[in-house]
Amino acid sequence: MPLSYRPNWRLYPGLLMLLATLLLTIAPARAANLTAATEAELIAAIQVVNAAGPGSHTITLTADIALTASAPLLDNSNATELLLNGDGHTLDGGGHGPVLSVAAGTTVRVREATVTGGAASDGAGIYNLGALTVEQSRITRNVAAGRGGGIFNTADLTVKDSTLDGNSAGEGGAVATTAHDADASLTILDGGIAGNGAGSGGGIFVRSKDGHSAAVTIKNVTFANNASTTGAGGAELLAGSTGTLAATFMGARFHDGTGKSGGGILARSEGGNLSANVSGTTFAGNSANEGGGLALTAVGGGRTQLLLTGSTLSGNQATQAGGAIHEFAAGGGTTSLTLFNSTLSGNDANGPGGGLHVATDAGTAGANIVYSTFAGNSAGTGGGGLHTAASGGGATATLTATIITGASGAGPACARPSGNIVSTGYNLAGDDSCFLTQGNDQPGTAAGLLPLALNAPGATATHALSRGSAALDRVPIGAAGCGTAIATDQRGVPRPRPSGGHCDAGAYELAQTVYGLFLPVALR
């Protein structure tokens, strides 16, 4: 062999893997840094990092790669991390899938990669049993017959600054997370989930059961144009029998989603315990049979609790009940909704409850509405803003320092044909239908609201109060939490303004300007 001969290792991926493995067995543990431009090189590189032992090991793509079969399982539980650096390139499953898979106990990070073209029963794009982070990547056009069109997760999944779009599945068009055999977590930070579709959970689907827990954290994520045929368009959360699910949504945006129950979010317990905290979030232009914006339900003795703060639901529509929100408890289930410093505006239901519908069928449902504004909501039947109805059990809505005004000509603002509406004081209603019985309430009073707008410094839209609004300075300091437990409005503006004064009813606190008298001064 001439001394100048240099073998082309791309033609010998198996030999390359063998030599690398031999070196790793006789040399001290060190980081493996490999590149791949073809399917064969990617297969060989995965085999090398799987055998590399402890340390952080990297595979960098140097070209787009089209696969003829699923890539080998990423499997190295001794490694600190296996990094697949896409460097802007694409992994195309070509109808095979999962495109990538992560073994239990293995920590993997996928960065700057596009994962597409996967087809599988579960996890067509990525199937995760370990600790997976996807960052600055795109997961698109993957199809799963079962769960997780983009990603299926049974352990710990974090998605950062990434886009998941155009994926589809039976459950979880973009992402499905299940806590069936062990606890699981899902964290999505920044980025977007758009144009995905599924039977249940067009965007994401999370389920816990059999004594296991699922934890969900969603922050600054936009859900757009996701669709579901049987569940929620955007995010579907389900606590099954004896399962526990805790979810937090912060600064999210749900728009133009479609579903059967919850165009944006469905929080549902089927014998488990579910708690959701939604803050600083916007639901706009979503639609569903029930709960155009969001829905919370509990059946089979389950319990669902949802806290909605600093959020706005506007322009959502339900073909049946609950244009903005539908709350329903049946079969011994219990639901609890708290609306605080939030705005429901311009939502519509063909049936009852254009803003909020609270109903039961042998269950218990309660809504606590505090310093919130219902404006311009409409319903085909019953209350345009608020409707409570109970068929067995009880359905009760409690109002504190809240404004409810209906759409013009849309019928009564409130209705309680078989439920309850209770006032604790300082409420204002545009007509006499909201059962405001406290001496400091204002039934049949115009609220003097300005049009819905993004009023500074808020991140969600609100109805500002006009200078002559009857809702101004209604709540004395210390009453209904004014200036104590309730220290800000929906925008984060201090309550009361000025300090030491009275709080305004509703979600918006108007700054009262103090005008001084200025006299001309003659200088000599």
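Residues numbered from 1 in each chain as written. Predicted model: local features only at pLDDT ≥ 70, side-chain atom pairs only at ≥ 80, totals over all residues. Heavy atoms only, no water.

Colleague: So what exactly am I meant to see when it comes to the overall build of the chain here?
Modeller: Of regular secondary structure, the chain possesses 2 helices and 50 strands. Per-residue burial for the chain yields a buried fraction of 55% across its 524 residues. Counting only contacts in the chain whose residues sit at least 6 apart along the sequence, the fraction spanning at least 24 positions is 78%. Surface exposure of the chain reaches about 19,400 Å², of which carbon and sulfur atoms provide 54%. For the chain, the centre of its 23 positive side-chain charges and the centre of its 32 negative side-chain charges are spaced 7 Å apart. (Helix = DSSP H or I, 4+ residues; strand = E, 2+ residues; numbered from the N terminus. Buried < 20%, exposed > 50% of the residue type's maximum accessible area, 1.4 Å probe, protein only. Contact = heavy atoms within 4.5 Å. Areas by Shrake-Rupley, 256 points an atom, 1.4 Å probe, with all protein chains shown as cover. Lys, Arg positive; Asp, Glu negative; His and termini not counted. Charge placed at Lys NZ, Arg CZ, Asp CG, Glu CD.)

Colleague: Got a minute to help me understand the packing of aromatic side chains in this structure?
Modeller: By convention here, two paired aromatic rings are described through the distance between centres and the angle between planes. Here the structure, examined in full by the defined rule, presents 4 aromatic pairs. Between the aromatic rings of phenylalanine 254 and phenylalanine 283, the centroid separation amounts to 5.1 Å while the plane-to-plane angle is 5°, which identifies the pairing as stacked. Of the two residues, phenylalanine 254 sits in strand S28 (residues 253–255) while phenylalanine 283 sits in strand S32 (residues 282–284), which places them 29 residues apart along the sequence. One exposure class covers both phenylalanine 254 and phenylalanine 283, and it is buried. (Phe/Tyr/Trp six-rings, centres within 6.5 Å; stacked < 30°, edge-to-face > 60°.)

Colleague: Just checking my understanding: could you explain the pattern of salt bridges for this structure?
Modeller: Pairing between side chains of opposite charge can happen when their charged atoms approach one another. This structure, assessed with the given rule, holds 8 salt bridges. Note that arginine 495 and glutamate 509 form a salt bridge whose closest N and O atoms lie 3.0 Å from each other. Within this pair, whereas arginine 495 is found in the segment after strand S50 (462–465), its partner glutamate 509 is found in the segment after S50, the two being separated by 14 residues in sequence. As far as the burial class goes, arginine 495 and glutamate 509 line up, both buried. Here the salt bridges do not stand alone but share partners, grouping Glu81, Arg109 and Glu135 into one network. (Salt bridge = Lys/Arg side-chain N within 4 Å of Asp/Glu carboxyl O.)

Colleague: So what exactly am I meant to see when it comes to the confidence of the model for the chain here?
Modeller: The predicted model of the chain has a mean per-residue pLDDT of 93, with 92% of residues at 70 or higher. Taken as a whole, residues 15–28 scores under 50 in pLDDT and shows 10 contacts with residues more than four places along the chain or in a different chain. The low-confidence segment residues 514–524, where pLDDT is below 50, has 0 contacts with residues more than four positions distant or belonging to other chains. (pLDDT = per-residue confidence, 0-100.)

Colleague: How should I be thinking about helix H2 (residues 39–50) in this particular structure?
Modeller: Spacing of three or four residues puts side chains on the same side of an α-helix, whose turn is 3.6 residues. Helix length check: H2 (12 residues) gives 17 Å between terminal C-alpha atoms against 16 Å at 1.5 Å per residue, within 8%. Burial in H2 covers these residues: Glu39, Glu41, Leu42, Ala44, Ala45, Ile46, Val48 and Val49. (Expected span 1.5 Å × (residues − 1).)

Colleague: What is the right way to read the nonpolar core from this model?
Modeller: Ranked by internal contacts, the top residues of the largest apolar core, which has 89 residues, are Leu42, Ile151, Ile325 and Leu356. When neighbours within four sequence positions are excluded, leucine 356 is seen to be in contact with Ile325, Leu337, Leu339, Leu344, Ala367, Ile369, Phe374, Gly385, Leu386 and His387. Membership of the second largest hydrophobic core comes to 10 residues, among which are Leu428, Leu465, Leu472 and Tyr508. (Core = buried A, V, L, I, M, F, W, Y, C linked by side-chain atoms within 4.5 Å.)

Colleague: What is the right way to read the pairing of strand S37 (residues 317–321) from this model?
Modeller: On any regular strand, side chains alternate: one points to one face of the sheet, the next to the other face. In this structure, strand S33 (residues 287–290) lies alongside S37, joined through 3 bridges in parallel fashion. Within S37, the position partnered with glutamate 290 by the bridge is alanine 321. As paired strands, S37 and strand S41 (residues 348–349) are joined by 2 bridges and run parallel to one another. Note on S41: the bridge partner recorded for glutamine 317 is aspartate 348. (Pairing = 2+ DSSP bridges.)

Colleague: So what exactly am I meant to see when it comes to the state of the cysteines here?
Modeller: Covalently bonding the sulfur atom of one cysteine to the sulfur atom of another cysteine gives a disulfide. Throughout the structure, instances matching the rule amount to 2 disulfides. Paired through a disulfide, cysteine 414 and cysteine 434 show a sulfur-sulfur distance of 2.0 Å. What sets the handedness of the cysteine 414 and cysteine 434 disulfide is the S-S torsion sign, and at about 75° it is right-handed. Taken together, the residues cysteine 414 in strand S46 (residues 414–415) and cysteine 434 in the loop between strand S48 (428–429) and strand S49 (449–453) connect sequence positions 20 residues apart. There is no split in this pair, since cysteine 414 and cysteine 434 are both buried. Across the disulfide, cysteine 482 is cross-linked to cysteine 503 (sulfur-sulfur distance 2.1 Å). One disulfide, between cysteine 482 and cysteine 503, carries an S-S torsion of 90° and so falls in the right-handed class. Of this pair, cysteine 482 sits in the segment after S50 while cysteine 503 sits in the segment after S50, and the two are 21 residues apart along the sequence. (Disulfide = S-S within 2.5 Å.)

Colleague: Just checking my understanding: could you explain the side chain of serine 345 for this structure?
Modeller: Along the chain, the position of serine 345 falls in strand S40 (residues 343–345). Engagement of the side chain of serine 345 in a polar contact is seen with the side chain of histidine 463, the distance being 2.8 Å. Serine 345 has contacts with Leu313, Ser314, Gly315, Ala375, Asn377, Leu452 and His463, leaving out every residue within four places of it along the chain. (Polar contact = N/O pair within 3.5 Å; in protein donor to acceptor, adjacent residues only side chain to side chain.)

Colleague: How do you make sense of unusual backbone geometry when you look at a structure like this?
Modeller: Across the chain, the bulk of peptide bonds are trans and the bulk of non-glycine residues have phi less than zero. Residue proline 98 follows glycine 97 across a cis peptide bond; omega there is 0°. Mapping proline 98 onto the fold places it in the loop between strand S5 (90–92) and strand S6 (100–102). The omega angle of the peptide bond from arginine 497 to proline 498 is 0°, so this bond is cis rather than trans. Position of proline 498 relative to the elements: it lies in the segment after S50. For alanine 362, which is not glycine, the phi dihedral falls at a positive 60°. Looking at the secondary structure, you find alanine 362 in strand S42 (residues 356–370). Positioned with a positive phi, phenylalanine 435 is a non-glycine residue whose angle comes to about 55°.

Colleague: When you look at the environment of glycine 172 in this model, what are you seeing that I'm missing?
Modeller: Summarising the element assignment, glycine 172 is placed in the loop between strand S17 (168–171) and strand S18 (175–179). Once the C-alpha coordinates of glycine 172 and glycine 150 are considered, the two residues, 22 residues apart in sequence, prove to be 8.3 Å apart. Once residues lying within four places of it in the same chain are set aside, the contact partners of glycine 172 are Gly148, Gly149, Ala198, Ser200, Gly201, Gly203, Ile204 and Phe205.

Colleague: Before we go on, may I ask you to explain the side chain of serine 162 in this structure?
Modeller: Mapped onto the elements of the fold, serine 162 is located in the loop between strand S15 (156–160) and strand S16 (163–165). A polar atom in the side chain of serine 162 sits 3.0 Å from the backbone nitrogen of serine 137. Within the local environment of serine 162, its side chain forms a polar contact with the backbone oxygen of lysine 160, the two atoms lying 2.8 Å apart. Beyond its immediate sequence surroundings of up to four residues, serine 162 is in contact with Val134, Glu135, Gln136, Ser137, Asp190, Gly191 and Gly192.

Colleague: For this particular structure, what's the right way to read the environment of alanine 410?
Modeller: Mapped onto the fold, alanine 410 is located in the loop between strand S45 (403–406) and S46. Separated by 295 residues in the primary sequence, alanine 410 and valine 115 have C-alpha atoms spaced 49 Å apart.

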